[in-house]
Amino acid sequence: MSHTNIKVYGTYWCSDCKRSKKFLGEQRVHYEFINIEEDADGQAVVRDLQNGGMSIPTIVFEDGTFLVEPTNAQLAAKLGLETKAKCEYYDLITVGGGPTALTTAIYAARDGFDVLVIERSGLGGQAGITERLDNYPGFPEGVTGADFADRIIEQAKRFGVELLSAQDVVSISRDMEDYLVKTDAGHMYRAHAVLIATGSTYKRLGVKGEDDYIGAGVHFCATCDGPFYRGQEVAVIGGGNSAVEEAAFLTRFSPKVTILARGPALRASKVAADKAFESPQIDVRFNTEVVEFKGANNHLNTVFVRNSESGEVSELRVPGVFVFIGLTPNSEPFRDLVKVDDQGFIVTGIDFQTSMPGLFAAGDVRAGSTKQLVSAAGEGAAAAIAIREYLRGHAPHAMGDTLAASGAIE
Ligand code: NDP
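To start, this report covers the structure provided alongside it. (Residues numbered from 1 in each chain as written. Predicted model: local features only at pLDDT ≥ 70, side-chain atom pairs only at ≥ 80, totals over all residues. Heavy atoms only, no water.)

Digging into the site of the ligand
In step 1: Residues in contact with the ligand amount to 17 residues; listed here are only the nearest, Gly239, Asn241, Ser242, Glu245 and Arg267.
In step 2: The contact in question runs from an oxygen atom of the ligand to an N or O atom on the backbone of Gly240, over 3.4 Å.
In step 3: Protein contact buries 73% of the 920 Å² of open area that the ligand shows by itself.
In step 4: When grouped by side-chain class, the residues that make up the shell around the ligand number four nonpolar, nine polar and four charged. (Near = heavy atom within 4 Å. Polar contact = N/O pair within 3.5 Å; in protein donor to acceptor, adjacent residues only side chain to side chain. Areas by Shrake-Rupley, 256 points an atom, 1.4 Å probe, with all protein chains shown as cover. Nonpolar A, V, L, I, M, F, W, Y, C, P; charged D, E, K, R; others polar.)

In structure tokens form, the structure reads like this:
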């Protein structure tokens, strides 16, 4: 996390404030949030800057300059992020910049290939915004997600990988033996091979009130929003590893965390589930389905739940809930191009190649992946080896052969 003096003036209900905060969080840029509904001085700062205007978010940077309601692209430019690649042609482009893509990129660049990584939010992926990683081999004391991500990014830079963030890939198309990769900023890049490693996103419940209170009581990231609930009770929805681990994390702030699991048992691993059962701060309710979210003054205060055995509906009065009910693959822009399963996960062969030659997929977006960080990195390495074979067959002038022959790489 880079420490800056950035101040975000806004409110909890403003959706552009949430977007900007999310963007800064994904870039792992530290900022101070000032809720101008509760902070009169903060409100005065906004009025002063805008000659009486009150548009939010208003974001003030270390050098005293400010942006009002910036787009993500404007924020990226202000933060000095690379948003346009140096070349138009690469041996390999990875779509996504999480641990899978970065591992593939490190391997391929180390083999001498020209590699471009295009990430739509912050490099490091979900791992980068995870509070703590405890099960990655080689870190006996655990490691923070941000530290872990910084290390892979540094390693990728050392091997000359070109890294773009805040650039959304909107399409991939075949052109002769190459692929054309287009970003939302309208830039088009060409590559001999492409890896889709776009990961997956937390699913939403789809119940009444959920959309109304997103960011104002309904959350999908405990690391980002858990500290808002210091001293207050919260609920976690779901019964898998994410729900149970995030519930344990939330006990740092909340005196009581209620896990609402829709089934009769937790699906989480025994170790994680036992930890939840043993915690005096965690209460687990089974056979409990969420039917509605309600609140007042633009903030959640009640979750309506139904017991699936008795059918009885009851209220749980909490100001915050965290939803962890599984993952949806980030494969939307590519579903017409490659074969996907019924949930949208991309189907590959054992060589990580999709139904299109030269187009590979690995990590959480791939059908059959285990959604573990270690295997995400492992898939990245295995995909890199398959891609190297493909590129050697299709890109005879790639630098990998030259460097290998010179003994510069192993
Ligand atoms: P999972 O798919 O493992 O679990 C989803 C949970 O949400 C289940 O309890 C499921 O209930 C419940 N659920 C699904 N839909 C709804 C709904 N509409 N309403 C209420 N509840 C619902 O997802 P996770 O996000 O927990 O984990 C994803 C993957 O990541 C898994 O493979 C997991 O093992 C892995 N992971 C591993 C970690 C680790 O090893 N440290 C940490 C975090 C995740 P039901 O059981 O009734 O279907």
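A word on the side chain of Ser20
In step 1: Mapped onto the elements, Ser20 comes out in helix H1 (residues 15-26).
In step 2: Ignoring sequence-local partners within four residues, the contact set of Ser20 consists of Pro57, Ile59, Pro70 and Leu75. (Helix = DSSP H or I, 4+ residues; strand = E, 2+ residues; numbered from the N terminus. Contact = heavy atoms within 4.5 Å.)

Points about the state of the cysteines
In step 1: This model, assessed by the stated rule, comprises one disulfide.
In step 2: Linked covalently through their sulfurs, Cys14 and Cys17 form a disulfide whose S-S length is 2.2 Å. For the disulfide bridge between Cys14 and Cys17, the dihedral angle about the S-S bond is near 95°, and by the sign convention the bridge is right-handed. Here the two residues Cys14 and Cys17 agree in accessibility, since each one is buried. (Disulfide = S-S within 2.5 Å. Buried < 20%, exposed > 50% of the residue type's maximum accessible area, 1.4 Å probe, protein only.)

Comments concerning helix H4 (residues 99-110)
In step 1: The end-to-end C-alpha distance of H4 is 16 Å, a good match for the 16 Å that 12 residues give at a rise of 1.5 Å each.
In step 2: Burial analysis of H4 places 10 of its 12 residues in the buried class, which makes it a mostly covered element.
In step 3: Turning to H4, its buried residues are Pro99, Thr100, Ala101, Leu102, Thr103, Thr104, Ala105, Ile106, Ala108 and Ala109.
In step 4: Of the residues one or two after H4, Gly112 is the one with positive phi, at around 100°. (Expected span 1.5 Å × (residues − 1).)

Quick notes on a negative patch on the surface
In step 1: A contiguous patch of negative charge, built from Glu32, Glu37, Glu38, Asp39 and Asp41, is present on the exposed surface.
In step 2: Owing to a relative accessible area of 67%, Glu38 belongs among the exposed residues under this scheme. (Patch = residues over 30% accessible without salt bridge, like charges linked within 9 Å, V, L, I, M, F, W, Y side chains within 5 Å. Salt bridge = Lys/Arg side-chain N within 4 Å of Asp/Glu carboxyl O. Lys, Arg positive; Asp, Glu negative; His and termini not counted. Charge placed at Lys NZ, Arg CZ, Asp CG, Glu CD.)

Here's the deal with the pattern of salt bridges
Pairing is possible between side chains of opposite charge, provided their charged atoms come close.
In step 1: By the definition in use, this model includes 15 salt bridges.
In step 2: Between Arg151 and Asp147 there is a salt bridge; the shortest N-O distance is 3.3 Å. Placement of the pair is Arg151 and Asp147 together in helix H6 (residues 145-158), with a separation of four residues, close to one helical turn.
In step 3: Here Arg151 falls in the partly exposed class, since its relative accessible area comes to 47%.
In step 4: In this structure, Asp178 engages Arg190 in a salt bridge whose closest nitrogen and oxygen atoms are separated by 3.2 Å. Linking Asp178 in strand E11 (residues 178-183) with Arg190 in strand E12 (residues 188-196), this pair joins segments that are 12 residues apart in sequence.
In step 5: For Asp178, a relative accessible area of 7% translates into the label buried.
In step 6: By relative accessible area, Arg190 is classed as partly exposed at 23%.
In step 7: One salt-bridge network, held together by shared partners, links Asp111, Arg388 and Glu389.

Topic: the side chain of Glu119
In step 1: Structurally, Glu119 is set in the loop between strand E6 (115-118) and helix H5 (125-128).
In step 2: Within the buried set, Glu119 has no salt-bridge partner at all; the shortest N-O distance to an opposite charge, 5.6 Å, is to Arg120.
In step 3: Looking at Glu119, its side chain comes within polar contact range of the main-chain nitrogen of Gly97, at 2.6 Å.
In step 4: Within polar-contact distance, the side chain of Glu119 engages the backbone nitrogen of Ser121 at 2.8 Å.
In step 5: Contacts of Glu119, omitting those with residues within four sequence positions, involve Gly96, Gly97, Gly98, Leu164, Ser165, Ala166 and Gln167.

Details of the packing of aromatic side chains
In step 1: Inspection of every chain in the model, using the stated rule, returns eight aromatic pairs.
In step 2: Judged by centre distance (6.4 Å) and plane angle (50°), the rings of Phe277 and Phe286 are tilted.
In step 3: On the basis of relative accessibility, which here comes to 27%, the residue Phe286 falls in the partly exposed class.
In step 4: Members of the aromatic cluster, each reached through a chain of ring pairs, are Tyr136, Phe139 and Phe148.
In step 5: A cation over a ring is seen here: Lys21 above Phe33, with NZ or CZ 4.0 Å from the ring centre.
In step 6: In this structure, Arg190 packs its charged tip against the face of Tyr89, placed 5.9 Å from the ring centre. (Phe/Tyr/Trp six-rings, centres within 6.5 Å; stacked < 30°, edge-to-face > 60°. Lys NZ or Arg CZ within 6 Å of the ring centre and 35° of its normal.)

Thoughts on the nonpolar core
In step 1: Grouped together as the largest cluster of nonpolar side chains are 34 residues, with contacts concentrated most on Val115, Phe148, Val161, Leu195 and Phe360.
In step 2: Mapped by element, the contributors of at least two residues to this core are H4, E6, H6, E12 and helix H10 (373-394).
In step 3: Per element, the largest residue contribution to this core is seven residues, and it comes from H10.
In step 4: Other than its neighbours up to four places away in sequence, Leu195 contacts Leu92, Ile93, Thr94, Val95, Ala101, Thr104, Phe360, Ala361, Ala362, Ala383 and Ile387. (Core = buried A, V, L, I, M, F, W, Y, C linked by side-chain atoms within 4.5 Å.)

A word on the sheet that holds strand E20 (residues 313-317)
Paired through backbone hydrogen bonds, the strands of a sheet run either parallel or antiparallel to each other.
In step 1: Spatially, the three strands line up as an open sheet ordered E18-E19-E20, and their pairing is antiparallel. With partners counted over all chains shown, the strands left at the sheet margins are strand E18 (288-296) and E20, one partner each. Across this sheet, the average inter-strand angle for adjacent strands is 30°, counted without regard to direction.
In step 2: In this sheet, E20 lies alongside strand E19 (residues 299-307) in antiparallel orientation, the contact comprising five bridges. Considered in E20, the bridge of Val305 is made with Ser314. (Pairing = 2+ DSSP bridges. Axes fitted to C-alpha atoms, helices over the stretch in contact; angles between N-to-C directions.)

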